[in-house]
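Examining the three-dimensional arrangement
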Amino acid sequence: MTRAPSVLADDPYENFEELGAGEVAYVRRVSPNDLKKMFPDAELQDADLPAWALLAADGTPLVLTDTRNAAIANAIENDLEALSVH
């Protein structure tokens, strides 16, 4: 059995954001309170609408949309593997 090398051996948080960089994106439902923090330049007229974000592996916001499926489709279009965050 072959083990994958651990990038978290010394410091569990040091390299975490580098895992999956350019390969993985996270899909997460966004609360109205988080919208302005994540997308400060967006004009959010009705922040009570359901919002879904596609985030890069390091947490950088990539896309804001009104459906989970649209966020996943954007990940696929950009050759990223979409993972759900709960």
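Rules of the game
- Residues numbered from 1 in each chain as written.
- Predicted model: local features only at pLDDT ≥ 70, side-chain atom pairs only at ≥ 80, totals over all residues.
- Heavy atoms only, no water.
- pLDDT = per-residue confidence, 0-100.
- Helix = DSSP H or I, 4+ residues; strand = E, 2+ residues; numbered from the N terminus.
- Contact = heavy atoms within 4.5 Å.
- Pairing = 2+ DSSP bridges.
- Axes fitted to C-alpha atoms, helices over the stretch in contact; angles between N-to-C directions.
- Core = buried A, V, L, I, M, F, W, Y, C linked by side-chain atoms within 4.5 Å.
- Buried < 20%, exposed > 50% of the residue type's maximum accessible area, 1.4 Å probe, protein only.

**With respect to the confidence of the model for the protein**
Per-residue pLDDT for the protein has a mean of 75; in total, 67% of the residues score no lower than 70. Mean pLDDT across the elements of the protein bottoms out in helix α1 (residues 32-38) (79) and peaks in helix α2 (residues 68-77) (94). The model gives residues 1-8 a pLDDT under 50, and that stretch makes three contacts with residues more than four places away or in other chains.

**Here's the deal with the environment of A82**
Structurally, A82 is set in strand β4 (residues 81-84). Remark: the alpha-carbon pair of A82 and A71, spanning 11 residues in sequence, is separated by 8.5 Å. The residues contacting A82, other than those within four sequence positions of it, are A25, V27, I72 and A75.

**Some words on the sheet that holds β4**
In spatial order, the strands read β3-β2-β1-β4; together these four strands make up an open sheet with mixed pairing. Two strands in the sheet have a free side with no partner beyond their single neighbour: β3 (61-65) and β4. Between one strand and the next, the sheet's axes are offset by a mean angle of 25°, whatever the strand orientation. The sheet contact formed by strand β1 (residues 24-30) and β4 spans four bridges and is parallel. Bridge pairing links Y26 to L83 in β4. On top of the sheet, α2 reaches β1, β2 (51-56), β3 and β4; it is set at about 25° to β2, its chief contact.

**Points about the nonpolar core**
Proteins that are soluble and globular tend to have nonpolar side chains buried together. Ranked by size, the top nonpolar core spans eight residues in total: A25, V27, W52, L54, V63, A71, A75 and L80. Those elements that provide at least two residues to this core are β1, β2 and α2. Among residues more than four places away in sequence, those in contact with A71 are V27, W52, L54 and T65. Core analysis: the next-biggest nonpolar cluster, separate from the first, contains seven residues, L35, M38, F39 and L55 among them.

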